[in-house]
Amino acid sequence: ELQRATGRGFSVFHFPFYYPPLAPRCPVTAAIHDVLVLEHPEWFPRAWGSALRRLLKLEPANAAAHVQLGRVLMAQGRKEESVVELEAAARGSSDPVVERELAAFYLEAKQYEPAAVHYRRLPAADPRNAELRHALGLVLTGQGNFAEAGVGRGKAVNLGPNRKGA
């Protein structure tokens, strides 16, 4: 149909989508640039988890792979295993993003003591970050430290007054 519409012949038809034409009259190639697995690993837990485990056998110090595997495991409800992966990522990294991810995993797993350690350290690197202050307030609330939690949440509101839930 496309050949007739354009009046041109094709030696190869390249399409950027999942499904090729049903009855192509020439060779067909497909380019699938699917980044959903990177943005939402929880949607592909089995396949993505297997791929990450294979990668980590080859590159055990790959912090990004440990973070992604931790996300997959958390999405599967395997909180303790997810924290182990994040701890592995944090051991070989001084990246505050990895530390923030680890702190969030501890909070999600309701492991308040280690979460507090990280959330107390993180604002030093980013003192204007209301999200970090809010998360610290959640951790302190989980620990039953309501007075300090109120102070932390007050700082979060002052830094980010439009933030919902602060």
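Quick caveat: nothing in here was measured; it's all calculated off a predicted structure.

So what exactly am I meant to see when it comes to the pattern of salt bridges here?
It is possible for side chains of opposite charge to pair when their charged atoms get near one another. Under the counting rule described, the total for this entry stands at four salt bridges. Arg71 is paired through a salt bridge with Glu101; the nearest N and O atoms lie 3.0 Å apart. Here the residue Arg71 occupies a position in helix H4 (residues 63-75), and Glu101 occupies one in helix H6 (residues 96-108), the gap between them amounting to 30 residues. Overall, the relative accessible area of 29% leaves Arg71 in the partly exposed class. For Glu101, a relative accessible area of 16% gives the class buried. Glu99 is the salt-bridge partner of Arg121, the closest N and O atoms lying 2.6 Å from each other. Within this pair, whereas Arg121 is found in helix H7 (residues 112-125), its partner Glu99 is found in helix H6, the two being separated by 22 residues in sequence.

Would you mind showing me how to read the confidence of the model for the chain here?
In low-pLDDT regions, the fine details of the predicted coordinates are not to be read closely. Here the chain averages 78 in pLDDT, while 67% of its residues score no lower than 70. Element-level mean pLDDT values for the chain span from 57 in strand S1 (residues 13-15) up to 90 in H7.

What is the right way to read the nonpolar core from this model?
A general feature of soluble globular proteins is that nonpolar side chains tend to end up buried together. Counting 23 residues, the largest nonpolar core has Tyr119 and Val139 as its most contacted members. For this core, the element with the most residues is H6, which contributes six residues. The contact partners of Tyr119, leaving out residues within four places of it in the chain, are Arg100, Ala103, Ala104, Leu107, Leu132, Ala135, Leu136 and Val139. Of all hydrophobic cores here, the second largest spans seven residues; its members include Leu52, Ala65, Leu69 and Leu73.

Explanation requested: the side chain of Asn62 in the structure shown.
With respect to the secondary-structure elements, Asn62 resides in the loop between helix H3 (45-58) and H4. Apart from residues lying up to four places away in sequence, Asn62 is in contact with Leu55 and Leu56.

In this structure, what is going on with H4? I would like to understand it.
In an α-helix, one turn spans 3.6 residues, which is why side chains three or four residues apart end up on the same side. Helix length check: H4 (13 residues) gives 18 Å between terminal C-alpha atoms against 18 Å at 1.5 Å per residue, within 8%. Taken across its 13 residues, H4 has ten buried, putting it largely inside the fold. Residues Ala63, Ala65, His66, Val67, Gln68, Leu69, Gly70, Val72, Leu73 and Met74 constitute the buried set of H4. The opening residue of H4, the one whose side-chain oxygen lies 3.2 Å from the backbone nitrogen of Ala64, is Asn62.

What is the right way to read the packing of helix H5 (residues 79-91) against H6 from this model?
Each pair of packed helices can be described by the angle between their axes along with the distance between the axes. Between H5 and H6, the shortest axis-to-axis distance is 9 Å and the interhelical angle comes to 160°. Considering the angle they form, H5 stands roughly antiparallel to H6. As for the relative orientation of H5 and H6, their crossing is left-handed in sense. Here H5 contributes Lys79, Ser82, Val83, Leu86, Glu87, Ala89 and Ala90 to the contact with H6, which in turn contributes Val98, Glu101, Leu102, Phe105, Tyr106 and Glu108. Class assignment of the residues belonging to the contact of H5 with H6 gives a composition of eight nonpolar, one polar and four charged.

Help me understand the packing of H4 against H6, please; the structure alone is not making it clear to me.
Interhelical geometry of H4 versus H6 gives an angle of 20° and a closest axis separation of 11 Å. Taken together, the axis directions place H4 and H6 in an arrangement best described as roughly parallel. Like other packed secondary-structure pairs, H4 and H6 cross with a definite hand, here left-handed. On H6, the residues that touch Val67, Gly70, Arg71 and Met74 of H4 are Val98, Glu101, Phe105 and Glu108. Taken together, the residues that form the contact of H4 with H6 break down as four nonpolar, one polar and three charged.

Thresholds applied
- Starting from 1, residues in each chain are numbered consecutively following that chain's sequence as written.
- Per-residue local features of the predicted model are confined to residues with pLDDT of at least 70, and side-chain atom pairs are confined, for both listing and counting, to 80 or more; whole-chain, interface and lining totals are unaffected and use all residues.
- To obtain the side-chain values, all non-hydrogen atoms of the structure were included, while hydrogens and water were left out.
- We define a salt bridge as a contact between a side-chain nitrogen of Lys or Arg and a carboxyl oxygen of Asp or Glu at a distance within 4 Å.
- Strands are runs of DSSP state E lasting at least 2 residues, helices are runs of H or I lasting at least 4, and numbering of each runs from the N terminus.
- Here the term buried applies to any residue with accessible area under 20% of the maximum for its type, exposed to any over 50%, and partly exposed to those in between, with areas from a 1.4 Å probe on protein chains only.
- A residue's pLDDT is the predictor's confidence in that residue, given on a scale from 0 to 100.
- For our purposes a nonpolar core is just a set of buried Ala, Val, Leu, Ile, Met, Phe, Trp, Tyr and Cys residues, chained together by side-chain atoms within 4.5 Å.
- In what follows, residue pairs with any heavy atoms lying within 4.5 Å of each other are defined as contacts.
- To estimate the expected span of a helix, count its residues, drop one, and scale the result by 1.5 Å.
- Residues adjacent in sequence count toward polar contacts only when both atoms are side-chain atoms; beyond that, a polar contact is any pair of N or O atoms within 3.5 Å, and within protein one must be able to donate a hydrogen and the other to accept it.
- A fitted line through C-alpha atoms serves as each axis, taken over the contacting stretch for helices, and the angle formed by two N-to-C directions is quoted from 0 to 180°.
- Any angle that falls under 35 degrees is termed roughly parallel, while one over 145 is termed roughly antiparallel, one within 65 to 115 roughly perpendicular, and all others oblique.
- Should the near helix be turned anticlockwise from the far one by less than a right angle, the crossing is termed left-handed; should it be turned clockwise, right-handed.
- Gly is put with the polar residues, along with every residue not named as nonpolar or charged; the nonpolar set is Ala, Val, Leu, Ile, Met, Phe, Trp, Tyr, Cys and Pro, and the charged set is Asp, Glu, Lys and Arg.

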